[in-house]
Amino acid sequence: RPDGSGNAQIEVVNLSSLTLNRLISLPGAYRPISTTYNPDSTPHPTMLVEAVLTNQTNGPIGVYVIDTITLLTPPAPVVASGLTYTTSWGGILEDSPNNRAFVAGDYNIGILNQSSGTFGNVVNLFTSGGLRNNTDSLSLNVATDTIFISGDGQNQVIQAGTAPPLVPKVFDSTHGTTDGNAFDPFTNILLLSQEVGLDQSWGFNFN
């Protein structure tokens, strides 16, 4: 829910006691989209929160950085210029070994450089937005820098490497309306599951 000034908020949960800890306001945010954790940031680990900044089509989208020790209200976000936003898609993936994060709009993705606090290198994953052209679910294997994107059965892969440009490639999309996916970085196997219909999942060996 918004705070007294209309800013979106996120809730901190104490997992030891399963109790709500506190609300943190996101100055200028309309609503959060996705969060991720950076264990390697200094001086303290941080949470990154992707949020849409105004209630309108095409964003803009911003990324807030929250210190997990002090839990203070974060400063102004890094604006993810060039990302599009419609109603519900997007996501953020932390690549802590390379001190960067991959931030997605509804059908495109770019790189947040956490050293400089800058954003760029936006690339479209699909030719346009739409019901089956979206970033419904994303995962990253930090051991191989492989990003997998699934949007209602339309699958793409990016081999991110250590430097741009990002080059999305079409991946096998013959498994119906799939979305949820996750990498096991130890075996480099990806599990892809259906959103609707049969209760099936598929494993892909990226080795």
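Parameters and conventions
- Residues numbered from 1 in each chain as written.
- Predicted model: local features only at pLDDT ≥ 70, side-chain atom pairs only at ≥ 80, totals over all residues.
- Heavy atoms only, no water.
- Helix = DSSP H or I, 4+ residues; strand = E, 2+ residues; numbered from the N terminus.
- Buried < 20%, exposed > 50% of the residue type's maximum accessible area, 1.4 Å probe, protein only.
- Polar contact = N/O pair within 3.5 Å; in protein donor to acceptor, adjacent residues only side chain to side chain.
- Contact = heavy atoms within 4.5 Å.
- Salt bridge = Lys/Arg side-chain N within 4 Å of Asp/Glu carboxyl O.
- Core = buried A, V, L, I, M, F, W, Y, C linked by side-chain atoms within 4.5 Å.
- Pairing = 2+ DSSP bridges.
- Axes fitted to C-alpha atoms, helices over the stretch in contact; angles between N-to-C directions.
- Patch = residues over 30% accessible without salt bridge, like charges linked within 9 Å, V, L, I, M, F, W, Y side chains within 5 Å.
- Areas by Shrake-Rupley, 256 points an atom, 1.4 Å probe, with all protein chains shown as cover.
- 1 Å grid on protein atoms, 1.4 Å probe; cavity = no way out; pocket = protein on both sides within 12 Å on 5 of 7 lines; lining within 4 Å.
- Points joined across faces, edges and corners; volume = space filled by probe spheres on them.
- Nonpolar A, V, L, I, M, F, W, Y, C, P; charged D, E, K, R; others polar.

1. Notes on the environment of L18
Stage number 1. Positionally, L18 belongs in the loop between β1 (8-14) and β2 (19-26).
Stage number 2. The exposed category is assigned to L18, whose relative accessible area is 69%.
Stage number 3. When the C-alpha positions of L18 and G161 are compared, they lie 38 Å apart, and in sequence the two are 143 residues distant.

2. So, the side chain of N108
Stage number 1. As for its position among the elements, N108 is in strand β9 (residues 108-113).
Stage number 2. At a separation of 3.5 Å, a polar atom in the side chain of N108 contacts the main-chain carbonyl oxygen of G82.
Stage number 3. In contact with N108, other than residues within four places in its own chain, are G82, L83, T84, V103, V122, V123, N124, L125 and T135.

3. Notes on the pattern of salt bridges
Stage number 1. As enumerated under the stated definition, the model contains two salt bridges in all.
Stage number 2. Across the salt bridge formed by D95 and R100, the nearest N and O atoms sit 2.7 Å from each other.
Stage number 3. We note a salt bridge from R100 to D145, for which the minimum N-O separation is 3.7 Å. Of the two residues, R100 sits in strand β8 (residues 100-104) while D145 sits in the loop between β11 (137-141) and β12 (146-151), which places them 45 residues apart along the sequence.

4. Description of the nonpolar core
Stage number 1. Grouped together as the largest cluster of nonpolar side chains are 16 residues, with contacts concentrated most on F102, I109, I147, I158 and L166.
Stage number 2. If you list the elements that add at least two residues to this core, you get β8, β9, β11 and β12.
Stage number 3. Setting aside residues up to four positions removed in sequence, I158 forms contacts with I109, L125, D145, T146, I147, I149, L166, V167 and P168.
Stage number 4. Among the nonpolar cores identified, the runner-up in size contains 13 residues, and I33, I61, A80 and I92 belong to it.

5. Digging into the sheet that holds strand β6 (residues 78-79)
Stage number 1. The four strands lie next to each other as β3-β4-β5-β6, forming an open sheet whose pairing is antiparallel. Every interior strand has two partners, whereas the edge strands, β3 (31-38) and β6, have only one.
Stage number 2. Across seven bridges, the pairing between β3 and strand β4 (residues 46-52) is antiparallel. Paired with T35 across the strands is V49, a residue of β4.

6. With respect to the sheet that holds β12
Stage number 1. One open sheet accounts for four strands, arranged β11-β12-β13-β14; its pairing is antiparallel. Two strands close off the open sheet at either side, each with one partner strand: β11 and β14 (168-171). Neighbour-to-neighbour, the strand axes of this sheet turn through a mean angle of 25°, independent of strand direction.
Stage number 2. Two strands pair when backbone bridges link them, and β11 and β12 are joined in this way by five bridges, in the antiparallel orientation. Bridge assignment links L138 to a residue of β12, and that residue is I149.

7. Thoughts on the pairing of β1
Stage number 1. Relative to β2, β1 is paired through seven bridges, and the arrangement is antiparallel. Within the sheet, the bridge partner assigned to N14 lies in β2 and is T19.
Stage number 2. The antiparallel pairing of β1 with β2 creates a hairpin that spans four residues between the two strands, and L18 there sits at a positive phi of about 55°.

8. Thoughts on a nonpolar patch on the surface
Stage number 1. On the surface, V13, L15, L18 and L20 cluster together into a nonpolar patch covering about 470 Å² of accessible area.
Stage number 2. As for its position among the elements, V13 is in strand β1.
Stage number 3. The class of V13 is partly exposed, set by a relative accessible area of 41%.

9. A word on the layout of surface pockets
To find leftover empty space, a probe the size of one water molecule is rolled over the atoms.
Stage number 1. As a volume, the largest pocket reaches approximately 280 Å³.
Stage number 2. The greatest single-element share of the lining of the largest pocket, amounting to four residues, is contributed by strand β5 (residues 61-67).
Stage number 3. By residue class, the composition of the lining of the largest pocket is ten nonpolar, nine polar and one charged.
Stage number 4. Within this model, the second largest pocket holds a volume of roughly 170 Å³.
Stage number 5. Residue lining of the second largest pocket: I10, E11, V12, V13, I24, T35, M47, V49, I66, T68 and L71, and that is the complete set.
Stage number 6. For the lining of the second largest pocket, the secondary-structure elements that each account for two or more residues are β1 and β4.
Stage number 7. Top contributing element to the lining of the second largest pocket by residue count: β1, with four residues.
Stage number 8. For the lining of the second largest pocket, the per-class residue count stands at eight nonpolar, two polar and one charged.

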